[in-house]
Amino acid sequence: MLLMAKCSLVSWTLALSTSSVLAHPLFNGRLVSRADELLEEYDYVIVGGGASGLTVANRLSEQPSTTVLVIEAGQFDQNEEFVTIPGLAGGAVSTKYDWNTTYAASEYLGGRNISISQGKIVGGSTKLNRMVFDRGSKSDYDGWETLGNERWDWESLLPYFKKNEIFSPPVDEIREEYNITWDDDAHGYDGYMHSTYSPYIWPTTKNLVEATSSLNIPIPKDQANGNAIGGYFTPHNMDPIDYRRSSADEAYYDTAATRENFHLIADHQATRILTCANSTLKATGFATSSNATIQSVKAKREVVVAAGSLHTPQLLQVSGIGDPALLSSIDIPTVVDLPAVGQSLHDHVYVMVANSVNTTITLASELTSNATFAAEARAQYDTEKRGPLTSPSGDFLLFLPLSIYTNTSASIHAAALASNASLSLPSDAPTEVAAGYAASYHSLNSKLLANDSAFLEVIWADGVLFLGLQHPYSRGSVKAPSSSIFDAPIADAGFLRNPLDTVLLREAVRFARRLVAQPSIAELNPFEVVPGANVTSDADIDQYIKNSASTLWHPAGSCKIGKRDEGGVVDGELKVYGIEGLRVVDASVFPILPASHIMTTVYAVAERAADIIKGVGGAIEMS
Ligand SMILES: Cc1cc2nc3c(=O)[nH]c(=O)nc-3n(C[C@H](O)[C@H](O)[C@H](O)COP(=O)(O)OP(=O)(O)OC[C@H]3O[C@@H](n4cnc5c(N)ncnc54)[C@H](O)[C@@H]3O)c2cc1C
């Protein structure tokens, strides 16, 4: 049943639903117990209480007269150890706090479905993630501007990277033992998100650092100052006193939770952004679904969508904003003809080279294989906040330009120039998306020869190397499968669609073997288990990549910033084209992924979004 209310020229209305009659919405500032006790309208209604949504909500509600509601589909966590203890990071994957979605089966992956975890919890994916807290290189963000996005560059974002952060240097013992350096000027100290280095580093990390040096790979002073090239020690998002995870929940929700003007309703899913088909497309009305209690809420000023790269485009589509052909196929009337919604999805694809090692050095596997070791580690964490459980692992990472990890960069570049951009795109990519991608393709080609742009990340775990492609060529899409938000979106990151991505990963596999052959790693007596030392020819490595490639959980780009006729969904102020009062602020707006883990970039974009919405600091003029 669809109930229509009279159009309002000043309000946005958004429908939300809980599938459980027992759902217990949580309110703050003012404690109420039922969804029907929501205010009738808020200045801002924010969909999604993850990294970006909570950041924007916190900043907008700093002004006591501004009312803000966050609608979050997931629940609050119960302080489970797997969301608080760094050494157990990732443990919330596949639990009820995960949307448990999969990418669509792909011919480029041998028909496999890859699982793509995304947080369904207050805090979003920052409760599930592996806590690597790094930034991309200056060139990554400057590349956003080069694509036509004025003032979306390193210089404009740096203040917001800092605004997010409360940086603490490493403890003395670990600084001395590993010679960790950092750049004071690159960090923030007055933000909400703790970042610091693990006070325990798994010992074979030393072997990796030595191998990095023996290959003459640079070790920069700090990854945070725009020069994230080479091998570096990375901070993690954790509190430097009790070494617990610092997620968007602790950082941006807890610090605002007592504000009377800030409400958050958990365990409720926004089902639709309701619009009014008048000439200015001001919103109104409310909707229902067949199996849930539906309530609507109005936004006096704006609806801000922060539901993540997979759910944001789906929400726009079921609200009538998207490709008319798709919308008509799922019985949704078109409100805004915007075919780029859901397009340009890309993600960091990785393959693994796994070696067993034979050494007396302590390995992380002891946490699961040796009960005594695990008990001692736990006691040390509980009593001293030290030891193995303070490290989420991945303390030293490599981010390498193509020319550092292969001597075939010139021929790969030549192949890219001779190839065709359309190989990266789904066959049904809309014209404007293809036009916009042509510029991205050009930008990716130039990165192939650049020494200030990393193509490969190497994550080390005691002989196992995760090799992540940082600037994939391939693109995919997100499509709503039906008019119901409760049906999981059909998402395809397009992994390996463009054969260049396989070539780039093939060279990564070869580099991993060279790294492992360095004396400091050879002394661990590595034995290559996967793909196996006999897998050496191009064809065999490519087959291995096809059969095993997976995601580093960094989907982005599906509602990217850009010109409308170049596949942009939002303009430079993050406003959705063709409709008023609607913005997107999450990872889906990235024009192109940076070479890094992406949480800090999400926070920086969201911090900046809040300023843009408020009309201060980060406000930018659109040409
Ligand atoms: C397993 C894993 C490991 C990762 N490791 C790292 C890492 O080590 N370092 C790093 O930098 N990044 C990492 N990431 C990525 C990083 O956490 C995300 O990029 C970031 O959190 C994305 O922020 P977001 O605001 O776009 O989305 P999210 O943080 O995912 O927030 C989106 C929120 O919207 C909610 N939502 C969705 N649809 C609706 C709806 N219809 N109604 C209401 N609410 C809705 C979701 O439940 C979710 O809470 C990892 C991610 C995962 C999943």
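Structural notes, computed from the coordinates. Source: prediction; values computed, not measured.

Details of the overall build of the protein chain
Within the protein chain one finds 18 helices and 23 strands. The C-alpha atoms of the protein chain give 24 Å as radius of gyration, which agrees with the globular expectation for 623 residues (25 Å, within 12%). For the protein chain, the spread of C-alpha atoms along the three principal axes comes to 75 × 60 × 45 Å. Within the protein chain, the fraction of its 623 residues that count as buried is 62%. A total accessible area of about 22300 Å² is found for the protein chain, and carbon and sulfur atoms account for 51% of it.

Looking at the site of the ligand
Around the ligand there are 37 residues in total, and Ser52, Glu72, Ser125, Val132 and Met599 lie nearest to it. Here isoleucine 121 contributes a backbone N or O atom positioned 3.2 Å from an oxygen atom of the ligand. Isoleucine 598 has a polar backbone atom sitting 3.2 Å from an oxygen atom of the ligand. Compared with its free state, where it exposes 1000 Å², the ligand has 98% of that area covered by protein. Looking at the shell around the ligand, its residues break down into 18 nonpolar, 15 polar and 4 charged.

Quick look at the packing of helix 15 (residues 499–516) against helix 17 (residues 538–548)
It is the contact of helix 15 with helix 17, at a shortest axis distance of 10 Å, that shows an interaxial angle of 105°. Classified by the angle their axes make, helix 15 and helix 17 are roughly perpendicular. Facing Thr502, Leu505, Arg506, Val509, Arg510 and Arg513 of helix 15, the residues of helix 17 in contact are Asp538, Ile541, Asp542 and Ile545. The residue makeup of the contact of helix 15 with helix 17, split by class, is 4 nonpolar, 1 polar and 5 charged.

Considerations on helix 15
Between its terminal C-alpha atoms helix 15 stretches 26 Å, which fits the 26 Å expected from 18 residues at 1.5 Å a residue. The buried fraction of helix 15 amounts to 14 of the 18 residues, a majority that puts the element mostly inside the structure. With a side-chain oxygen positioned 2.9 Å from the backbone nitrogen of leucine 500, the residue opening helix 15 is asparagine 498.

Structural notes on the pairing of strand 15 (residues 349–356)
Judged by how many residues are buried, strand 15 sits mostly within the fold: 6 of 8 residues are covered. When strand 15 meets strand 18 (residues 464–469), the two strands line up antiparallel, connected through 6 bridges. If you follow valine 353 over to strand 18, its bridge partner there is leucine 465. In this structure, strand 15 lies alongside strand 22 (residues 550–551), joined through 2 bridges in antiparallel fashion.

Topic: unusual backbone geometry
In this structure, proline 531 follows valine 530 across a cis peptide bond, with omega equal to 0°. Take proline 531: it is sitting in the loop between strand 21 (527–530) and helix 17. Even without being glycine, asparagine 79 reaches a positive phi, approximately 60°. Locating asparagine 79 in the fold gives a position in the loop between strand 3 (68–71) and helix 2 (81–84). Not every positive phi belongs to a glycine, and aspartate 331 is a case in point at roughly 60°. Relative to the assigned elements, aspartate 331 resides in the loop between helix 9 (324–329) and strand 13 (336–337).

Details of the nonpolar core
A general feature of soluble globular proteins is that nonpolar side chains tend to end up buried together. Ranked by size, the top nonpolar core spans 161 residues in total, and within it Leu467, Tyr473 and Phe590 carry the most contacts. Contacts of leucine 467, omitting those with residues within four sequence positions, involve Val349, Tyr350, Val351, Val353, Leu456, Glu457, Val458, Leu505, Ala508, Val509 and Ala512. In this structure, Ala228, Ile229, Ala454 and Ala595 belong to the second largest nonpolar core, which totals 11 residues.

Examining helix 17
Those residues of helix 17 not exposed but buried are Ile541, Asp542, Tyr544 and Ile545. Along helix 17, the residues classed as buried sweep out an arc of 155° about the axis, all on the same side. Those residues of helix 17 that are buried lie in contact with strand 15, helix 15 and strand 21.

Description of the pairing of strand 2 (residues 41–47)
Successive side chains on a regular strand alternate, one facing one side of the sheet and the next facing the other. In terms of burial, strand 2 is largely enclosed, as 6 of its 7 residues are buried. Note: strand 2 against strand 11 (residues 293–305), 6 bridges, orientation parallel. Within the sheet, the bridge partner assigned to glutamate 41 lies in strand 11 and is lysine 298. Across 4 bridges, the pairing between strand 2 and strand 3 is parallel. Counted as the bridge partner of valine 45 is leucine 69 from strand 3.

Re the environment of aspartate 395
On the secondary structure map, aspartate 395 appears in the loop between helix 11 (371–384) and strand 16 (396–400). Sequence separation of aspartate 395 and tyrosine 200 is 195 residues, and the distance between their C-alpha atoms is 9.2 Å. Those residues in contact with aspartate 395 that sit more than four places away from it in its chain are Ser198, Tyr200, Ile201, Tyr232, Phe233, Thr234 and His236. At 2.7 Å, the side chain of aspartate 395 forms a polar contact with the side chain of serine 391.

Some remarks on the sheet that holds strand 19 (residues 476–479)
Sheet architecture is open: 3 strands sit in the order 14-19-20, paired in antiparallel fashion. The open sheet is flanked by strand 14 (343–345) and strand 20 (490–492), the only strands paired with a single partner. Neighbour-to-neighbour, the strand axes of this sheet turn through a mean angle of 40°, independent of strand direction. Where strand 14 and strand 19 come together, 2 bridges link them in antiparallel fashion. Bridging across to strand 19, leucine 345 finds its partner in glycine 476. Across the sheet, helix 8 (residues 308–318) lies against strand 14, strand 19 and strand 20, angled at about 50° from strand 19, the strand it touches most.

Structural notes on the packing of aromatic side chains
What the rule picks out here adds up to 22 aromatic pairs. A ring pair is formed by tyrosine 103 and phenylalanine 495, whose centres lie 5.7 Å apart and whose planes are at 80°; its orientation type is edge-to-face. Separated by 392 residues along the polypeptide, tyrosine 103 in the loop between strand 4 (101–102) and strand 5 (115–116) and phenylalanine 495 in the loop between strand 20 and helix 15 bring together distant segments of the chain. These aromatic residues form a ring-pair network of at least three members: Tyr141, Trp144, Trp154, Phe161 and Phe590.

Quick word on the side chain of serine 52
When you line up the elements, serine 52 lands in helix 1 (residues 51–60). Setting aside anything within four residues of it in sequence, one finds serine 52 in contact with Ala306, Val585, Asp586, Val602 and Ala606.

Comments concerning the packing of helix 13 (residues 409–418) against helix 14 (residues 431–448)
Contact geometry of helix 13 with helix 14 gives a least axis separation of 9 Å together with a crossing angle of 165°. Considering the angle they form, helix 13 stands roughly antiparallel to helix 14. Judged by the sense of rotation from one axis to the other, the crossing of helix 13 with helix 14 is left-handed. Where helix 13 abuts helix 14, its residues Ser409, Ile412, His413, Ala416 and Leu417 lie against Tyr441, Asn445 and Leu448. Across the contact of helix 13 with helix 14, the residue classes break down as 5 nonpolar, 3 polar and no charged.

Criteria and cut-off values
- Residues numbered from 1 in each chain as written.
- Predicted model: local features only at pLDDT ≥ 70, side-chain atom pairs only at ≥ 80, totals over all residues.
- Heavy atoms only, no water.
- Helix = DSSP H or I, 4+ residues; strand = E, 2+ residues; numbered from the N terminus.
- Rg over C-alpha atoms; globule rule 2.2 N^0.38 Å.
- Buried < 20%, exposed > 50% of the residue type's maximum accessible area, 1.4 Å probe, protein only.
- Areas by Shrake-Rupley, 256 points an atom, 1.4 Å probe, with all protein chains shown as cover.
- Near = heavy atom within 4 Å.
- Polar contact = N/O pair within 3.5 Å; in protein donor to acceptor, adjacent residues only side chain to side chain.
- Nonpolar A, V, L, I, M, F, W, Y, C, P; charged D, E, K, R; others polar.
- Axes fitted to C-alpha atoms, helices over the stretch in contact; angles between N-to-C directions.
- Parallel < 35°, antiparallel > 145°, perpendicular 65-115°, else oblique.
- Contact = heavy atoms within 4.5 Å.
- Expected span 1.5 Å × (residues − 1).
- Pairing = 2+ DSSP bridges.
- Core = buried A, V, L, I, M, F, W, Y, C linked by side-chain atoms within 4.5 Å.
- Arc of directions from axis to C-beta.
- Phe/Tyr/Trp six-rings, centres within 6.5 Å; stacked < 30°, edge-to-face > 60°.
- Left-handed = near helix turned anticlockwise from the far one by under 90°.

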